[in-house]
Amino acid sequence: RATVLVVSHEASATGAPVVSLNIIIELKKRFNVVALVLNGGSLFDDLRASADIVACAVTRTSEIVVGYQIDDLISRCRIDFAIVNSTKKDIVRGR
């Protein structure tokens, strides 16, 4: 199965994070799903239950550190494509 990376800027029970959770649930039917959550929130446990792997950013403001984390994820998991449902899409672009 192909592997998809889904990035969400947070795990709050609000707009984009709820959409990210729903995307993960649907993608899981056909793909391995790795979720990267840049900030915590009340949906975190739901994301953990839905995705194969959930990674969290170690810092909420440093794009450099988050970039290194994404590079580390990519080196450990063969990511076939990514869906970035986040206002922080520039962190992921070009990786």
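Residues numbered from 1 in each chain as written. Predicted model: local features only at pLDDT ≥ 70, side-chain atom pairs only at ≥ 80, totals over all residues. Heavy atoms only, no water.

J.: Residues and numbers for the overall build of the protein, please.
T.: Scanning the protein from N- to C-terminus turns up four helices and four strands. Counting across all 95 residues of the protein, residues that qualify as buried make up 41%. Pairs at least 24 residues apart make up 64% of the contacts formed inside the protein by residues separated by at least 6 positions. With an accessible surface of roughly 5300 Å², the protein has 52% of that area assigned to carbon and sulfur atoms. (Helix = DSSP H or I, 4+ residues; strand = E, 2+ residues; numbered from the N terminus. Buried < 20%, exposed > 50% of the residue type's maximum accessible area, 1.4 Å probe, protein only. Contact = heavy atoms within 4.5 Å. Areas by Shrake-Rupley, 256 points an atom, 1.4 Å probe, with all protein chains shown as cover.)

J.: If you had to explain the packing of aromatic side chains to someone new, which residues and values would you point to?
T.: Aromatic rings in a pair are described by how distant their centres are and how their planes are angled relative to each other. One pass over the full model with this rule turns up one aromatic pair. When the ring of Phe-31 is compared with that of Phe-81, the centres are 5.2 Å apart and the planes differ by 85°; the resulting orientation is edge-to-face. Of the two residues, Phe-31 is situated in the loop between helix 1 (15-27) and strand 2 (32-37) and Phe-81 in strand 4 (residues 81-85); the sequence distance between them amounts to 50 residues. Residue Phe-81 is classed as partly exposed on the basis of its relative accessible area, which comes to 32%. (Phe/Tyr/Trp six-rings, centres within 6.5 Å; stacked < 30°, edge-to-face > 60°.)

J.: Can you tell me about helix 1, naming the residues and giving the values?
T.: Spanning 13 residues, helix 1 covers 18 Å between terminal C-alpha atoms, matching the ideal 18 Å at 1.5 Å per step. Against strand 1 (3-8), strand 2, helix 2 (44-50) and strand 4 lie the buried residues of helix 1. (Expected span 1.5 Å × (residues − 1).)

J.: With reference to specific residues and values, describe the sheet that holds strand 1.
T.: Strand order in the open sheet made by the four strands is 3-2-1-4, with parallel pairing throughout. Strands with a single pairing partner mark the edges of an open sheet, and in this sheet they are strand 3 (53-56) and strand 4. Adjacent strand axes in the sheet meet at a mean angle of 20° when their direction is disregarded. Two strands pair when backbone bridges link them, and strand 2 and strand 3 are joined in this way by four bridges, in the parallel orientation. By the bridge assignment for strand 3, Val-34 is matched with Ile-53. Along the sheet face, helix 1 touches strand 1, strand 2 and strand 4 and points at about 170° away from the line of strand 1. (Pairing = 2+ DSSP bridges. Axes fitted to C-alpha atoms, helices over the stretch in contact; angles between N-to-C directions.)

J.: Describe the side chain of Thr-3, listing the residues and the values that go with them.
T.: Counting through the fold element by element, Thr-3 comes out in strand 1. For Thr-3, the residues in contact, after removing those within four places along its chain, are Asn-32, Val-34, Arg-78, Ile-79, Asp-80 and Phe-81.

J.: Which residues make up the nonpolar core, and what values do they have?
T.: Core analysis: the largest hydrophobic core is formed by 14 residues, its most contacted members being Val-4, Val-6, Ala-11, Ile-24, Leu-27, Val-33 and Leu-47. Of all the secondary structure elements, the ones that give two or more residues to this core are strand 1, helix 1, strand 2 and helix 2. Setting aside anything within four residues of it in sequence, one finds Val-6 in contact with Ser-20, Ile-23, Ile-24, Leu-27, Val-33, Val-34, Ala-35, Leu-36 and Ile-83. Membership of the second largest hydrophobic core comes to eleven residues, among which are Leu-5, Val-7, Val-66 and Ile-70. (Core = buried A, V, L, I, M, F, W, Y, C linked by side-chain atoms within 4.5 Å.)

Keep in mind these values describe shape, not function.
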